[in-house]
Amino acid sequence: MKLEFDTEKFAGSRLLVFALLSVFVIFSAANAFLLNDVSSHITGKILAAKELARPANLEVVMLEPENCSDCFSSQKLLADLKSKNVNVTFERTVSTESAEAKQFIDAYSLETLPALVITGEINKSQSLVDFFNSVGKIDEDVALYTKLEPPFFDLKENSVKGRVRVVSIIDSGCKNCTNFEGFVGYLRQNGVSISESKEVEWNSLEGKEFLKKFNLTKAPGLLISEDISEYKLIPALMRSQLNATVSAGWFAMSAFKAPYREVGSGKIVGLAELILLKDSSCAECYDVNVNKNILARFGIAFGSEKEVDVSSAEGKALVEKYKIKKAPIIIISPAGKYYEDFIGVWDQVGSVEADGGYVMRNPEVIGPVMDLEAGKILMPQQDGMEGHHG
């Protein structure tokens, strides 16, 4: 049997195969191009991220002032810089007395020292640029770190700023009087450089001259040189909390709360007397000394205190004088008026008498007390209820 071959159909099939192959090749080439483009894009992103994360390479020159051991350290500036995403490849210190330092000072119009002159990849990231602008500035291809805490060297005035002098006007004759030792300690703890400190007695010749010059009417007192103004927040604190005034280059403060010495009369003001009036026949009554712990919260200074029993002659006289109906109680001399916090709450537990004294009237808020008229013990939180017989 003879097979016949259809040449026309075969030719058509060949054309179809060639067409399909051509489409496949074109598709493959396009796909490879796209894959390569995507791969390149991703690789570029990864490389860009790595470059962004890479620390900036920097070189640092530290300009350190001479003869200023208490000045803010350039090493602190350098440590702050190194805490950022940087790699300091080179660092050196240059004395400001050198010709090289003077060239830096002139070239970048520096006003204070110490300072850092930084070169290298200073613009590597926006965060680094923002940092340099926050602590100084960028001057073309150089970053300058010039933001300092006092004390520092002022190049225009050729002097150290932030060295503070302190004069404490003390009163050795009044151990309970308000003093400023705690505040001076606070200044030291908060980085204030006190270069000179001295004490003078309020009634000494020098002390009297200071009190008169700065119009201080109470002792103890405190004088702080205006150099303290370099420490930005402290002057406002002294004005608002310590009633400081400024005169002749000094901040002047006198005792801001009792007790204190009245300079004009020489008398001590605000030293109170405390009487602890108890009833020794009442074993169940609260301990009258508990009141001392409560009073301590209000800062009242007592020059004297004593316990008095209601059965004694003095106790009976007090009961009669102030019409006292309960015990134990406390009685505070008129000097209590100098303590504002105390005055603000006293009306909840006591009265102010015609002679200015403060007499407790509601001691049962603390514990069991004796009703002196009825001879009964009153228990806390039992208003209107019968107590126990003593």
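See the structure printed just above.
Residues numbered from 1 in each chain as written. Predicted model: local features only at pLDDT ≥ 70, side-chain atom pairs only at ≥ 80, totals over all residues. Heavy atoms only, no water.

*Asks:* When you look at the packing of aromatic side chains in this model, what are you seeing that I'm missing?
*Replies:* In this description, an aromatic ring pair is defined by two values, namely the gap between the centres and the angle between the planes. One pass over the full model with this rule turns up nine aromatic pairs. Seen in terms of ring centroids, F131 and Y145 are 5.9 Å apart; in terms of plane orientation they differ by 80°. Their pairing is edge-to-face. Placement of the pair is F131 in helix α4 (residues 126-135) and Y145 in strand β6 (residues 142-145), with a sequence separation of 14 residues. For the residue pair F131 and Y145, the accessibility class agrees, reading buried in each case. Look at F298 and F342: their rings are 6.4 Å apart centre to centre, the planes differ by 75°, and that puts the pair in the edge-to-face class. Separated by 44 residues along the polypeptide, F298 in the loop between α8 (290-296) and β18 (302-309) and F342 in helix α10 (residues 340-346) bring together distant segments of the chain. Note on F342: relative accessible area 1%, which makes it buried. Aromatic ring contacts, followed pair by pair, group F298, F342, W346 and Y358 into a single cluster. Residue placement shows K218 over the ring face of Y260; its charged tip is 4.7 Å from the ring centre. (Phe/Tyr/Trp six-rings, centres within 6.5 Å; stacked < 30°, edge-to-face > 60°. Helix = DSSP H or I, 4+ residues; strand = E, 2+ residues; numbered from the N terminus. Buried < 20%, exposed > 50% of the residue type's maximum accessible area, 1.4 Å probe, protein only. Lys NZ or Arg CZ within 6 Å of the ring centre and 35° of its normal.)

*Asks:* Honestly, helix α6 (residues 205-213) in this entry has me stumped. Any pointers?
*Replies:* Structural remark: α-helix, 3.6 residues per turn; residues separated by three or four positions point the same way. Among the residues of α6, G207, F210 and L211 are the ones counted as buried. Seen end-on, α6 carries its buried residues on one side only, within an arc spanning 100°. Facing away from the buried surface of α6 by more than 90 degrees, the exposed residues are L205, K212 and K213. The secondary structure elements touched by the buried residues of α6 are β9 (163-170), β10 (193-201), β11 (218-219) and β12 (221-225). Downstream of α6 by a residue or two, N215 has a phi angle that is positive, lying close to 55°. (Arc of directions from axis to C-beta. Contact = heavy atoms within 4.5 Å.)

*Asks:* Got a minute to help me understand the state of the cysteines in this structure?
*Replies:* Each disulfide consists of a covalent bond between the sulfur atoms of two cysteine residues. In this structure the tally under the stated criterion is three disulfides. One disulfide bridge connects C68 with C71, the sulfur atoms lying 1.7 Å from each other. An S-S torsion of about 75° defines the bridge between C68 and C71 as right-handed. For C68, a relative accessible area of 7% gives the class buried. Residue classification places C71 among the buried positions, given a relative accessible area of 7%. Between the sulfur of C174 and that of C177 lies a disulfide, 2.0 Å long from S to S. Taking the torsion about the S-S bond as the criterion, the C174 to C177 disulfide, at about 85°, is right-handed. Numbered by position along the chain, the disulfide-linked cysteines of the protein connect as 1-2, 3-4, 5-6. (Disulfide = S-S within 2.5 Å.)

*Asks:* It is not clear to me how helix α5 (residues 181-189) should be interpreted in this structure. Could you clarify?
*Replies:* Turning to α5, its buried residues number three or more, namely F183, V184 and L187. Viewed along the axis of α5, the buried residues span an arc of 100°, placing them on a single side of the element. Opposite the buried face of α5, by more than 90 degrees, sit the exposed residues E181, G182 and Q189. Of the residues one or two after α5, G191 is the one with positive phi, at around 85°.

*Asks:* Is there a simple way to explain the sheet that holds β6 in this structure?
*Replies:* Within a beta sheet, neighbouring strands are joined by backbone hydrogen bonds and run either parallel or antiparallel to one another. Taken in spatial order, the five strands of this open sheet run β2-β1-β4-β6-β5, and their pairing is mixed. The outermost strands of the open sheet, each flanked by one partner alone, are β2 (86-95) and β5 (136-139). Adjacent strand axes in the sheet meet at a mean angle of 20°, parallel and antiparallel pairs treated alike. Pairing analysis gives six bridges linking strand β1 (residues 56-64) to strand β4 (residues 115-120), with the strands arranged antiparallel. (Pairing = 2+ DSSP bridges. Axes fitted to C-alpha atoms, helices over the stretch in contact; angles between N-to-C directions.)

*Asks:* Hey, could you run me through the pattern of salt bridges in this one?
*Replies:* Pairs can form between side chains of opposite charge whenever their charged atoms are close. Counted under the stated rule, the structure contains 15 salt bridges. Between D171 and R261 there is a salt bridge; the shortest N-O distance is 2.8 Å. With D171 in the loop between β9 and α5 and R261 in strand β15 (residues 260-262), the pair connects residues that are 90 residues apart, well separated along the chain. Exposure remark for D171: the relative accessible area of 8% places this residue in the buried category. Here E314 makes a salt bridge to K306, at a shortest N to O gap of 2.5 Å. (Salt bridge = Lys/Arg side-chain N within 4 Å of Asp/Glu carboxyl O.)

*Asks:* What is the right way to read the packing of α5 against helix α7 (residues 234-242) from this model?
*Replies:* The packing of two helices is summarised by the inter-axis angle and the distance between the axes. With their axes 13 Å apart at the nearest point, α5 and α7 run at an angle of 160° to one another. Between α5 and α7, the angle is such that the two are roughly antiparallel. Seen from above, α5 lies across α7 with right-handed handedness. Contacts from F183, Y186 and L187 in α5 reach I234, L237, M238 and L242 in α7. Considered class by class, the residues forming the contact of α5 with α7 number seven nonpolar, no polar and no charged. (Parallel < 35°, antiparallel > 145°, perpendicular 65-115°, else oblique. Left-handed = near helix turned anticlockwise from the far one by under 90°. Nonpolar A, V, L, I, M, F, W, Y, C, P; charged D, E, K, R; others polar.)

*Asks:* Before we go on, may I ask you to explain unusual backbone geometry in this structure?
*Replies:* Leave glycine aside and you will find that most residues have negative phi; peptide bonds, for their part, are mostly trans. Geometrically, the link from P150 to P151 is a cis peptide bond, its omega value of 0° lying close to zero. Secondary-structure assignment places P151 in the loop between β6 and β7 (152-154). For the bond running from A258 to P259, omega is -5°, close enough to zero to count as cis.

*Asks:* Is there a simple way to explain the side chain of S254 in this structure?
*Replies:* Relative to the assigned elements, S254 resides in strand β14 (residues 250-254). Among all residues touching S254, those that are not within four sequence positions of it are F180, L216, K218, P220 and G221.

*Asks:* I tried to follow the sheet that holds β15 on my own but got confused; where do I start?
*Replies:* Pairing is antiparallel across the open sheet formed by three strands, whose spatial order is β11-β15-β16. Bordering the open sheet on either side are β11 and β16 (268-269), each of which pairs with just one other strand. For β15 and β16, the ladder comprises two bridges, and the chain directions are antiparallel. Of the residues in β16, the one forming a bridge with R261 is I268.

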